[in-house]
Amino acid sequence: MENRNDALAAFRCSKCSKTEDTNTQDATCSCGGLWMLDYCPPRFSLDLVDKSAWNIFRYRAFMPLEGASWQEISLGEGMTPIVSLEKNLHLKMDYFMPTLSFKDRGAAVMMAHIKNIGVTSVVQDSSGNAGNSVAAYGAKAGIDSEIFVPEGTSSKKINMIQSHGARINIVPGSRDDCAKACRETVKKDGKYYASHVYNPFFYEGTKTYLYETYEQLGRIPSEIFIPLGNGTLFIGIMKALEEFLESGIIQEMPSIIAVQSENCAPIYEATKAREKKIASITPVPTLAEGIAVGVPMRGEEILEYIYRHHIEVITAPENRILEARASLATKGIYVEHTTAATYAAYLKYIATSRPLKDCLLPMCGAGLKSD
Ligand SMILES: Cc1ncc(COP(=O)(O)O)c(C=O)c1O
Ligand SMILES: [Zn+2]
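Since the structure is predicted, the reported quantities are computational estimates derived from the model, not experimental observations.

Reading the values: the criteria
Residues numbered from 1 in each chain as written. Chains lettered and ligands numbered in written order. Predicted model: local features only at pLDDT ≥ 70, side-chain atom pairs only at ≥ 80, totals over all residues. Heavy atoms only, no water. Donors = N, O, S within 2.8 Å, 3.2 Å for Na, K, Ca; no water. Helix = DSSP H or I, 4+ residues; strand = E, 2+ residues; numbered from the N terminus. Buried < 20%, exposed > 50% of the residue type's maximum accessible area, 1.4 Å probe, protein only. Phe/Tyr/Trp six-rings, centres within 6.5 Å; stacked < 30°, edge-to-face > 60°. Near = heavy atom within 4 Å. Polar contact = N/O pair within 3.5 Å; in protein donor to acceptor, adjacent residues only side chain to side chain. 1 Å grid on protein atoms, 1.4 Å probe; cavity = no way out; pocket = protein on both sides within 12 Å on 5 of 7 lines; lining within 4 Å. Sits in = over half its atoms within 2 Å of the grid points. Nonpolar A, V, L, I, M, F, W, Y, C, P; charged D, E, K, R; others polar. Pairing = 2+ DSSP bridges. Axes fitted to C-alpha atoms, helices over the stretch in contact; angles between N-to-C directions. Contact = heavy atoms within 4.5 Å. Core = buried A, V, L, I, M, F, W, Y, C linked by side-chain atoms within 4.5 Å. Expected span 1.5 Å × (residues − 1). Right-handed = clockwise from strand over helix to strand, strands pointing away. Salt bridge = Lys/Arg side-chain N within 4 Å of Asp/Glu carboxyl O.

Reference geometry at the metal: tetrahedral coordination by four donors gives ideal angles of 109.5 degrees; octahedral coordination by six donors gives 90 or 180 degrees. The protein atoms that coordinate the zinc ion (ligand 2) are Cys 13 (SG), Cys 16 (SG), Cys 29 (SG) and Cys 31 (SG), at distances spanning 2.3 Å. Spacing between the donor residues of the zinc ion (ligand 2) along the chain follows C-x2-C-x12-C-x1-C. You can see Cys 13 sitting in strand β1 (residues 10–13) and its partner Cys 29 sitting in the loop between β2 (19–20) and β3 (35–38), a full 16 residues away along the chain. Here Cys 13 falls in the buried class, since its relative accessible area comes to 1%.

Have a look at this one:
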């Protein structure tokens, strides 16, 4: 089964609408706008899933992927189990991944695309997990990588990035300062920016979180919690849900509850005021390093999904993160702080808002990655 879906896809600028071939090496349009993907996958059907591929590329019929480079790039990502913690609460164990976080879904597809267009060296910025993924898939693909992380990033993540042979730059300041430093290098040195936030192919990978859920459960749960920093999982899930609506797999959207950090909540603040642009905030340090993003580059796109589908945005109580992590650990589930923040937000939600009938939480990152 080979893919020629790439012929059907193009990049379109989110600002000026200019279109560009997906094999461009430019991270953005010349006007500065981010690329969106113009691509209409076939109607979703389990019949189109390649049951012989035991990784996320079993869903490649729904991705605009060129050629077969995925075969040499896959590290066996995806196919993560769903565990029922309680009758109404299901956990998707995305920390059972090659580099111990859900970012492998996006990085596998993005790096397969990058390999296909002949890029041999990339730079990227990350709170650590996406950097781990890019470094690992870069190593597998023979692509050289240089990763920027903010100071304070867990030493476990840093060691792992270096073990894959990637160069690391630890940038003083916040996650946003780190992104800025990386983008300056892209501009100055003309390097390929393998950004999980900028590159539309990353979201084609995170879509598989939802495809898998459907294949495993035979339904889409009625409530889905999603951590929300830059929105790579959020946008992937929303794209997949819209495809499912379009295909008649679901008749209505499930309730989506997006979780930001109490100490860094530009999207939560914007929704409170029904603003179409992200709120300007001053981030305060949080244990939830993975979602500590003060300036999410796709903020307006995220807000469009939020208003279009009446999505709730809530915050995780900072002073409950360690307790939530310990509570999961007593049940055999050892997650990193950012993932514990999602669980803390869930506990707050059921205590203060409403009971949930059939709720799915992503277990995004492994506990061994937190210091
Ligand atoms: C463990 C974990 N959970 C959630 C997220 C949030 O993902 P995003 O920034 O794409 O919204 C991240 C991002 O790095 C993460 O590392
Ligand atoms: Zn443009």
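Enumeration according to the criterion identifies 18 aromatic pairs in this entry. Each ring, one from Phe 57 and one from Trp 70, has its centre 5.4 Å from the other, and the planes form 25°; the classification is stacked. Note that Phe 57 is positioned in the loop between β3 and α1 (70–73) and Trp 70 in helix α1, a separation of 13 residues in sequence. There is no split in this pair, since Phe 57 and Trp 70 are both buried.

Looking now at the site of ligand 1. Among the 18 residues in the neighbourhood of ligand 1, the closest are listed as Asn 129, Gly 229, Asn 230, Gly 231 and Thr 232. Gly 290 has a polar backbone atom sitting 3.4 Å from an oxygen atom of ligand 1. A majority-of-atoms criterion places ligand 1 in the largest cavity. Taken together, the residues of the shell around ligand 1 sort by class into 6 nonpolar, 10 polar and 2 charged.

The next subject is the sheet that holds strand β12 (residues 312–316). Each strand in a sheet pairs with another by means of backbone hydrogen bonds, the pair being arranged parallel or else antiparallel. As summarised here, the arrangement of the 6 strands in space is β4-β5-β13-β10-β11-β12, forming an open sheet in which the pairing is mixed. Only two strands of the sheet have a single neighbouring strand rather than two, namely β4 (82–86) and β12. Strand-to-strand twist across the sheet, computed as the mean angle between neighbouring axes with direction ignored, equals 30°. Pairing of β4 with strand β5 (residues 89–92) involves 4 bridges; the strand directions are antiparallel. Paired with Ser 84 across the two strands is His 90, which belongs to β5.

Another aspect to go through is the sheet that holds strand β9 (residues 192–193). What the 4 strands build is an open sheet, ordered β8-β7-β6-β9; its pairing is parallel. Only two strands of the sheet have a single neighbouring strand rather than two, namely β8 (167–171) and β9. Relative to β8, strand β7 (residues 144–150) runs parallel, the two being bridged by 5 bridges. Following the sheet pairing, Phe 148 is matched in β8 by Asn 169. On top of the sheet, helix α3 (residues 129–141) reaches β6 (121–125) and β7; it is set at about 170° to β7, its chief contact.

The next thing to look at is the nonpolar core. Counting 48 residues, the largest nonpolar core has Phe 234, Leu 241 and Ile 306 as the members making the most contacts within it. Looking at this core, the elements that each hand over two or more residues are α5 (175–189), α7 (208–217), β10 (223–227), α8 (232–247), β11 (255–261), α9 (266–272) and α10 (299–308). Per-element tally for this core: the top contributor is α8, with 8 residues. Contacts of Ile 306, omitting those with residues within four sequence positions, involve Phe 234, Ile 267, Thr 271, Ile 311 and Val 313. Residues Trp 35, Leu 37, Ile 114 and Tyr 137 belong to the second largest nonpolar core, which totals 39 residues.

A few words on α8. With 16 residues, α8 should reach 22 Å at 1.5 Å per residue; the first-to-last C-alpha distance of 23 Å fits that figure. Along α8, the residues that are buried comprise Thr 232, Leu 233, Phe 234, Ile 235, Gly 236, Ile 237, Met 238, Ala 240, Leu 241, Glu 243, Phe 244 and Ser 247. Gly 248 sits one or two residues past α8 and shows a positive phi near 80°.

Okay, the pairing of β6 next. Counting buried positions over the 5 residues of β6 gives 4, a clear majority of the element. Bridging between β6 and β7 involves 5 bridges; their strand directions are parallel. Counterpart to Gln 124 in the pairing with β7 is Ile 147. With α3 bridging β6 and its parallel neighbour β7, the resulting β-α-β unit is right-handed.

With that settled, consider the pattern of salt bridges. Side chains bearing opposite charge may pair, as long as their charged atoms lie close to each other. One pass over the full model with this rule turns up 23 salt bridges. Here Glu 146 ties to Arg 167 by a salt bridge, and the two come within 3.5 Å at their closest N and O atoms. Of this pair, Glu 146 sits in strand β7 while Arg 167 sits in strand β8, and the two are 21 residues apart along the sequence. On the accessibility criterion, Arg 167 (39% relative accessible area) is partly exposed.

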